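Working through the structure, step by step
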Amino acid sequence: RGKRAFIAGIADDNGYGWAIAKSLAAAGAEILVGTWVPALNIFETSLRRGKFDESRVLPDGSLMEITKVYPLDAVFDSLEDVPEDIKTNKRYAGSSKWTVSEVAESVKEDFGSIDILVHSLANGPEVTKHLLETSRKGYLAAISASSYSYVSLLKHFLPIMNSGMYLVSHLIAPCGSSISLTYIASERIIPGYGGGMSSAKAALESDTRVLAFEAGRKQKVRVNTISAGPLRSRAAKAIGFIDMMIDYSIANAPLQKELSADEVGNTAAFLASPLASAITGAVIYVDNGLNAMGVGV
Ligand code: NAD
C-alpha cells in the first residue's frame with residue numbers, strides 16, 4: 001500500500017500544512033488531517049462545498065482526497081487536562097475525542113498505523129508583544145501550543161508509526177518519518193516575532209534533535225524540521241509583519257523570488273521519502289537561502 005500521513009494543523013488552503021498534504025498526496029500518500037477544534041466547522045463546510053477544489057488540483061490533474069479530518073486541540077493531552085470552560089464552550093462541545101491521546105487512539109482504531117507525522121501548527125497569544133513585555137502565561141502558552149504539542153503528538157503517535165525498513169536499490173531505509181515547521185527567529189533576532197514564539201521555535205529545534213535520537217533508537221523513525229521562509233498564511237497575517245518579511249526576503253535573499261508553499265511541501269515529501277533515508281535530527285532551510293546572508297544588500 002501507499003504511505004499514510006497524519007498532518008496536524010490544517011484549517012484552510014493557505015498554510016504550509018495544506019501544501020505539505022498536497023505534495024504528499026501527489027507522491028501517493030493517503031492524507032489524514034488534524035484540524036483545530038474552533039476552526040473545524042468552517043474547514044469541513046468549505047471542503048464539502050468545494051471552496052478548496054481549485055487548490056486541491058494535483059500535478060496530474062486529479063483532486064487531492066482527504067480521507068478523514070479529525071478535530072484536534074494539541075494543547076491538551078487527555079480529557080483530564082481539559083478545563084470546564086473549554087469542555088462546555090459551544091465550539092468544543094459539538095466535537096469529541098480531540099485531545100492528542102484520543103486522536104492517536106481514533107487513528108489507530110480507524111487505520112491501524114501511519115507512516116508520516118506532520119506538525120504544522122503554532123500559536124502564541126502574545127506574539128505581537130516584545131519578549132520583554134510578554135507575560136509568563138503568554139510565554140508558556142506559546143511553548144505549550146507550538147513546542148510541547150509536537151513532543152506530545154510524536155509521543156502518542158509513535159506507537160502506531162511504521163517502524164519497518166524497506167530496501168531501495170541497495171539501501172535500507174526506515175519507513176517512518178516525522179516533520180515539523182520552524183522559523184529562523186529561533187536563532188537570529190527577528191524583531192516582531194514576539195510573545196515567546198522565538199523561544200518556542202528554539203525549543204522545537206532542540207527537541208527535533210533529542211526526539212530524533214529517541215524515536216530513531218526506539219522505532220527507527222526519522223525526525224526533522226523545516227525552517228521555512230515567510231508565507232502569507234492565516235497565522236502569519238495575525239503576526240502583522242508578514243508583507244514586510246516577504247519583501248525583505250525578495251530584496252535580500254540569494255534567490256530573489258517569493259517563496260511558494262509548494263516548495264516547502266515538496267521538501268516535506270522528500271524528507272518523508274526513502275531519498276532522505278539518512279537524514280534525521282536536522283533543521284532544513286527552505287527559505288530561498290535567506291538564512292545564509294549576514295547582511296542585507
Ligand atoms: P496556518 O494558519 O496555516 O497554520 C497554523 C495552524 O495551527 C492553523 O490551522 C491553526 O488552526 C492551528 N492551531 C493553532 N493552535 C492549535 C492547537 N492548539 N491545536 C491544533 N491546531 C492548532 O499557518 P502556517 O504559517 O502555515 O503555520 C504552520 C507552521 O509553519 C507553524 O509551525 C508556523 O510557525 C510555521 N512557519 C510559518 C511561517 C510563515 O511565514 N507562515 C514561516 C516559518 C514557519
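In the block above lies the structure referred to throughout.
I will try to describe carefully the structure that is included in this document.

What counts and what doesn't
- Residues numbered from 1 in each chain as written.
- Predicted model: local features only at pLDDT ≥ 70, side-chain atom pairs only at ≥ 80, totals over all residues.
- Heavy atoms only, no water.
- Helix = DSSP H or I, 4+ residues; strand = E, 2+ residues; numbered from the N terminus.
- Buried < 20%, exposed > 50% of the residue type's maximum accessible area, 1.4 Å probe, protein only.
- Contact = heavy atoms within 4.5 Å.
- Areas by Shrake-Rupley, 256 points an atom, 1.4 Å probe, with all protein chains shown as cover.
- Lys, Arg positive; Asp, Glu negative; His and termini not counted.
- Charge placed at Lys NZ, Arg CZ, Asp CG, Glu CD.
- Axes fitted to C-alpha atoms, helices over the stretch in contact; angles between N-to-C directions.
- Parallel < 35°, antiparallel > 145°, perpendicular 65-115°, else oblique.
- Left-handed = near helix turned anticlockwise from the far one by under 90°.
- Core = buried A, V, L, I, M, F, W, Y, C linked by side-chain atoms within 4.5 Å.
- Salt bridge = Lys/Arg side-chain N within 4 Å of Asp/Glu carboxyl O.
- Phe/Tyr/Trp six-rings, centres within 6.5 Å; stacked < 30°, edge-to-face > 60°.
- Patch = residues over 30% accessible without salt bridge, like charges linked within 9 Å, V, L, I, M, F, W, Y side chains within 5 Å.
- Near = heavy atom within 4 Å.
- Polar contact = N/O pair within 3.5 Å; in protein donor to acceptor, adjacent residues only side chain to side chain.

**What about the overall build of the protein chain?**
- Tallying secondary structure elements over the protein chain gives ten helices and nine strands in all.
- Residues counted as buried form 51% of the 297 residues belonging to the protein chain.
- Look at the contacts in the protein chain between residues 6 or more apart in sequence, and 75% of them connect residues 24 or more apart.
- About 14200 Å² of surface is accessible on the protein chain, with carbon and sulfur atoms providing 55% of the total.
- Side chains of the protein chain give 29 positive and 31 negative charges; the mean places of these two sets differ by 2 Å.

**Details of the packing of helix α1 (residues 16-26) against helix α10 (residues 261-272)**
- One way to put it is that α1 packs onto α10 with a least axis distance of 7 Å and a crossing angle of 50°. For the element pair α1 / α10, the angle class is oblique. In this structure, α1 crosses over α10, and the sense of that crossing is right-handed. Two secondary-structure elements touch here, α1 through Tyr16, Ala19, Ile20, Ser23 and Leu24 and α10 through Ala261, Asp262, Val264, Gly265, Asn266, Ala268, Ala269 and Ala272.

**Description of the environment of Gly34**
- Its location among the elements puts Gly34 in strand β2 (residues 30-36).
- Residues Gly34 and Val100, spaced 66 residues apart in sequence, show a C-alpha to C-alpha distance of 9.7 Å.

**Considerations on the nonpolar core**
- In this structure, Leu24, Ile31, Phe43, Ile66, Ile226 and Val264 are the most contacted members of the largest nonpolar core, which totals 37 residues.
- Broken down by element, this core gets its largest block of residues, seven residues, from α1.
- Excluding its chain neighbours within four sequence positions, the residues that come into contact with Ile226 are Ile179, Ser180, Leu181, Thr182, Val264, Thr267, Ala268, Leu271, Ile284 and Val286.

**What about the pattern of salt bridges?**
- Overall, the coordinates contain eight salt bridges when judged by the stated rule.
- In this structure, the salt-bridge partner of Glu30 is Arg4, at a minimum N-O distance of 2.9 Å. Of this pair, Glu30 sits in strand β2 while Arg4 is found in strand β1 (residues 4-8), placing the two residues 26 residues apart along the sequence.
- Overall, Glu30 belongs to the partly exposed group, its relative accessible area being 25%.

**Comments concerning the packing of aromatic side chains**
- Here the structure, examined in full by the defined rule, presents seven aromatic pairs.
- Plain terms: the ring middles of Trp18 and Phe52 are 5.4 Å apart, the flat faces sit at 55° to each other, and that makes the pair tilted. Here Trp18 is found in helix α1, whereas its partner Phe52 is found in the loop between α2 (37-48) and β3 (66-72), with 34 residues between them in sequence.
- Trp18 gets classed as buried once you look at its relative accessible area, which sits at 4%.
- Residue class for Phe52 comes out buried when judged on its relative accessible area of 3%.
- Taken together, the aromatic side chains of Phe6, Tyr70 and Phe157 make up a single cluster linked through ring pairs.

**Digging into a nonpolar patch on the surface**
- Where nonpolar side chains cluster on the molecular surface, the patch consists of Leu131, Tyr139 and Leu140 and spans about 280 Å² of accessible area.
- Residue position: Tyr139 is located in helix α6 (residues 136-157).

**A few points about the site of the ligand**
- In the vicinity of the ligand lie 28 residues, with Tyr16, Ala74, Lys201, Leu231 and Ser233 positioned nearest.
- Between the ligand and Leu121 there is a distance of 3.4 Å, counted from an oxygen atom to a backbone nitrogen or oxygen.
- The protein chains hide 93% of the 820 Å² of surface that the ligand would expose on its own.
- In terms of residues, the shell around the ligand owes the most to one element, helix α8 (residues 234-239), which gives three residues.

**Thoughts on the side chain of Ser23**
- As for its position among the elements, Ser23 is in helix α1.
- Ignoring sequence-local partners within four residues, the contact set of Ser23 consists of Asp262, Gly265, Asn266 and Ala269.

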